[in-house]
Amino acid sequence: MATTADFKNGMTLDIDGTYFEIVEFLHVKPGKGPAFVRTKLRNIATGRILDKTWNSGVKVDEVRIERRPYQYLYEEEMGLVFMHPETFEQITIPKESIVGVQFLKEGDMVEAMVHAGSEEVLTCELPSHVTLEVTYTEPAVKGNTATNAQKNATLETGTEIQVPLFIENGEKIVVDTRDGSYISRAKE
């Protein structure tokens, strides 16, 4: 058990059976009335942000969440199989629990959030940027030089994204896994 005085960024709370991470908090002491704490909480499972105000001194359930690195091995009917790089322990994570799963390829490293008490994997995050090869894109048409012109490109994972006209087949590009946008050409 913790109180609102123990709040810090990154702390994880159990609120009605759902896990929330404190994104930011502010202790407020108004001139009149009792002190309170205003927080922004991120739902660990869905990523949605929730604003919540607490009376000062309220007791809350703190949850210990560990971030562990895992390497993606292969896909099976139950989900995706990952291996811890140091212990070689293998776990299966459902596709729905992984943010940016469409950009995941074999051998990629991810960060899994694991409940320390029950060893349950809550969610899994890819790095914010990944390097992928363009397997197919239409050739650029001469004269199509409008500002920020885009075309479809298929990546090695099978995902289609929008890329600038100068990108060609076989090029490696950097992609933002949070929104699926093109960032730049990969540096060799």
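Here goes a summary of the coordinates provided.

The rules behind the values
Residue indices follow the written sequence of each chain, beginning from 1 at its first position. Predicted model: local features are reported for residues with pLDDT of at least 70 only, side-chain atom pairs are reported and counted for 80 or more only, and whole-chain, interface and lining totals are derived from all residues. Water and hydrogen atoms were dropped before computing side-chain values, which therefore reflect all heavy atoms in the structure. Counted as salt bridges are all cases of a side-chain nitrogen of Lys or Arg within 4 Å of a carboxyl oxygen of Asp or Glu. Secondary structure elements are defined from DSSP: runs of H or I of at least 4 residues count as helices, runs of E of at least 2 residues count as strands, and each element is numbered from the N terminus. Note on exposure labels: buried denotes an accessible area under 20% of the residue type's maximum, exposed denotes more than 50%, and partly exposed covers the range between, all computed with a 1.4 Å probe on protein chains only. Following DSSP output, two strands are said to pair if at least two bridges run between them.

1. Section: the pattern of salt bridges
- Summed over all chains, the structure comprises 11 salt bridges.
- One salt bridge connects E111 with R67, and the closest N-O pair in it is separated by 2.7 Å. Residue E111 is located in strand 11 (residues 109-115), and its partner R67 is located in strand 7 (residues 65-76); the two are separated by 44 residues in the primary sequence.
- Classification of E111 as partly exposed rests on a relative accessible area of 32%.
- Exposure remark for R67: the relative accessible area of 38% places this residue in the partly exposed category.
- A salt bridge links R67 to E125; the nearest nitrogen and oxygen atoms lie 3.5 Å apart. One end of the pair, R67, is in strand 7; the other, E125, is in strand 12 (residues 121-125), and 58 residues separate them in sequence.

2. Focus on the sheet that holds strand 1 (residues 2-3)
- Strands sit in the order 1-6-2-3-4-5 across an open sheet of 6 strands; the sheet is antiparallel. Each end of this open sheet is capped by a strand with a single partner; those strands are strand 1 and strand 5 (49-55).
- In the sheet, strand 4 (residues 36-43) pairs with strand 5 via 7 bridges, with the strands oriented antiparallel. Paired with K40 across the bridge in strand 5 is D51.

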